[in-house]
Amino acid sequence: MWNYCIIDGGFIFGLAISLITSIAWLIFKGKDMHTLLAEPGDMFAFIGYNYMIGAGIAVIIFRMKWKYNEKRFLRLTDPLADNYFAKDYQDI
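The rules behind these values
Residues numbered from 1 in each chain as written. Predicted model: local features only at pLDDT ≥ 70, side-chain atom pairs only at ≥ 80, totals over all residues. Heavy atoms only, no water. Helix = DSSP H or I, 4+ residues; strand = E, 2+ residues; numbered from the N terminus. Buried < 20%, exposed > 50% of the residue type's maximum accessible area, 1.4 Å probe, protein only. Contact = heavy atoms within 4.5 Å.

Among the structural elements, G10 can be located in helix α1 (residues 2-29). By relative accessible area, which is 4% here, G10 ends up buried. Sequence-wise, G10 and A55 are 45 residues apart; in three dimensions their C-alpha atoms are separated by 4.2 Å.

Okay, structure coming up:
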């Protein structure tokens, strides 16, 4: 479960969310890009903070999705469910 949350959520989906948080940070701060990234340390801090925020949000989202996906998996693979064989034998 944590492998799914950290690898798929934190690393992969977190990158997309970090781009969104970077844009939001620039809009809400109202600063020019040149002043925000004037020094190399400021630039790495900006990238690092946004990636950590994005990865944290993604891990939380994927952790909440785990319970939903687990229930869905059990429902779809339950041989005692009414709809288990319905898809395979519709043409008969």
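This is not the end of the story, as more comes after the structure.
Relative to the assigned elements, S18 resides in helix α1. The exposure class assigned to S18 is buried, which follows from its relative accessible area of 6%. The contact partners of S18, leaving out residues within four places of it in the chain, are N50, Y51 and G54.

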